Amino acid sequence: MERFPKSYLGSYVELVGTVTDKRPQDLFPPYPGDPLLCDSSGCIYIHDDTEDLNKFLGKKVKVLGFVKVDTFNFPYVDVIKIEPLGR
């Protein structure tokens, strides 16, 4: 998804990665304080209006959601469901 993330706009996605707050210099969060979901291919912001995603910082998770684009034209995932994997 990293190479052409905007081509996924509106798509339902299932992603697995680690939640982090270590922001790359060229990416800005769609909403202040949103964390990123990262794997070996890159990172994407995740956002949830109903749950504090920061409680998953440092954990490997599975995210279900829809790809959206913020006002700066950066893609992010609007989370429908997030669940920790492993311990």
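It should be noted that the structure appears before, not after, this text.
This one's a predicted model, so the numbers in the text were calculated from it and none came from an experiment.

**Student:** Summarise the pairing of strand β4 (residues 60–69); cite the residues concerned and give the values.
**Tutor:** Two strands pair when backbone bridges link them, and strand β1 (residues 12–20) and β4 are joined in this way by 7 bridges, in the antiparallel orientation. If you follow valine 13 over to β4, its bridge partner there is glycine 65. Examined bridge by bridge, β4 and strand β5 (residues 75–84) share 9 bridges and lie antiparallel to one another. Within the sheet, the bridge partner assigned to valine 67 lies in β5 and is valine 77. Linking β4 back to β5 in an antiparallel pair, the connection comprises 5 residues, with asparagine 73 at a positive phi of about 70°.

**Student:** So what's going on with the nonpolar core? Which residues, and what values?
**Tutor:** If you look at the biggest cluster of nonpolar residues, it comprises 14 residues, and the most contacted ones within it are Leu37, Ile46, Val61, Val63, Val77 and Ile82. Among the secondary structure elements, those contributing two or more residues to this core are β1, β3 (42–47), β4 and β5. In this view, isoleucine 46 contacts Val19, Asp34, Pro35, Leu37, Leu53, Val77, Val79 and Ile82; residues no more than four positions away in its chain are not counted.

**Student:** I'd like to hear about the side chain of threonine 20, residue by residue, with values.
**Tutor:** Inspection of the secondary structure puts threonine 20 in strand β1. Residue classification places threonine 20 among the buried residues on the basis of a relative accessible area of 18%. A polar atom in the side chain of threonine 20 sits 3.1 Å from the backbone nitrogen of lysine 22. With near-sequence residues (within four places) excluded, threonine 20 lies in contact with Pro35, Leu36, Cys38 and Leu57.

Conventions we followed
- Residues numbered from 1 in each chain as written.
- Predicted model: local features only at pLDDT ≥ 70, side-chain atom pairs only at ≥ 80, totals over all residues.
- Heavy atoms only, no water.
- Pairing = 2+ DSSP bridges.
- Helix = DSSP H or I, 4+ residues; strand = E, 2+ residues; numbered from the N terminus.
- Core = buried A, V, L, I, M, F, W, Y, C linked by side-chain atoms within 4.5 Å.
- Buried < 20%, exposed > 50% of the residue type's maximum accessible area, 1.4 Å probe, protein only.
- Contact = heavy atoms within 4.5 Å.
- Polar contact = N/O pair within 3.5 Å; in protein donor to acceptor, adjacent residues only side chain to side chain.

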